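Here are the chains, one letter per residue:
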Amino acid sequence: MVAIAATARWRARIVAAAASAGITLTDPLAGVPGIRVLECTPGDLGVIVPRLAREEPPPRPAIGAHSDSIADRELRDAVADVAALLSLHGNVVLDLDAGGRRSVVTRPDVVVSAGVDRPQWTEPAVTLPVGTARRGGPLTVALTAGAGFEGTLLDLARLVEADAA
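For clarity, every value in this text was computed on a predicted model and none was experimentally measured.

### Some points on a negative patch on the surface
Side chains of D72, D77, D81 and D163 sit close together on the surface and give a patch of like negative charge. On the secondary structure map, D72 appears in the loop between β3 (63–65) and α3 (73–88).

Right under this line is the structure:
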């Protein structure tokens, strides 16, 4: 038997891929909270993995940006630049300031804003230096993630850091 440890999202994908191939997976630790392990034979794993590779990639996160509401022009431009960078990498970035807050029906998965606008202790967030202001101080942009998008947050932060380097 082969043990497969997986997050809840991957577990669902693995179970679906196995079910579509007529494979039944066992869960030896079904009653243990927080531990997600599936077992199958090596031959079954050889059928499941190619099916996972053919799946559609997961949907891109909904990203929103607050830039128009930032009074400091350099900081506003820095936030807009990060939003444009994320857009260039295939993400759809919504302008959260357009038409007032009532125009946004649902909250985006990740929000790009000025680094000073978001307290980090309320939600998962990273504050990234993206340049230097005319007066010599750092320009920082915050990426804040909703629940379940912590991994996406880190991926986007790496993208921004690589661009700033």
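### Let's talk about the side chain of E74
By the secondary structure assignment, E74 is in helix α3. No salt bridge is formed by the buried E74; the nearest opposite charge belongs to R134, separated by 4.2 Å. If we skip the residues at most four places from it in the chain, E74 touches A133, R134 and L139.

### A word on the sheet that holds β3
Read across the sheet, five strands follow the order β4-β3-β5-β7-β6 without closing on themselves; strand pairing throughout is mixed. Each having just a single partner strand, β4 (93–95) and β6 (125–132) make up the two edges of the open sheet. Each neighbouring strand pair of the sheet contributes to a mean axis angle of 25 degrees, computed without reference to strand direction. Inspection of the sheet shows β3 paired to β4 by three bridges, in the parallel sense. The partner of A65 across the bridge, within β4, is D95.

### Re the pattern of salt bridges
Scanning the entire structure with this criterion turns up one salt bridge. Linking D155 and R158 is a salt bridge whose minimum nitrogen-to-oxygen distance equals 3.0 Å. Of this pair, D155 and R158 both sit in helix α4 (residues 150–164), three residues apart, which is roughly one turn of that helix. For D155, a relative accessible area of 48% puts it in the partly exposed group.

The rules behind the values
- Residues numbered from 1 in each chain as written.
- Predicted model: local features only at pLDDT ≥ 70, side-chain atom pairs only at ≥ 80, totals over all residues.
- Heavy atoms only, no water.
- Patch = residues over 30% accessible without salt bridge, like charges linked within 9 Å, V, L, I, M, F, W, Y side chains within 5 Å.
- Areas by Shrake-Rupley, 256 points an atom, 1.4 Å probe, with all protein chains shown as cover.
- Salt bridge = Lys/Arg side-chain N within 4 Å of Asp/Glu carboxyl O.
- Lys, Arg positive; Asp, Glu negative; His and termini not counted.
- Charge placed at Lys NZ, Arg CZ, Asp CG, Glu CD.
- Helix = DSSP H or I, 4+ residues; strand = E, 2+ residues; numbered from the N terminus.
- Buried < 20%, exposed > 50% of the residue type's maximum accessible area, 1.4 Å probe, protein only.
- Contact = heavy atoms within 4.5 Å.
- Pairing = 2+ DSSP bridges.
- Axes fitted to C-alpha atoms, helices over the stretch in contact; angles between N-to-C directions.

These figures capture arrangement, not role.
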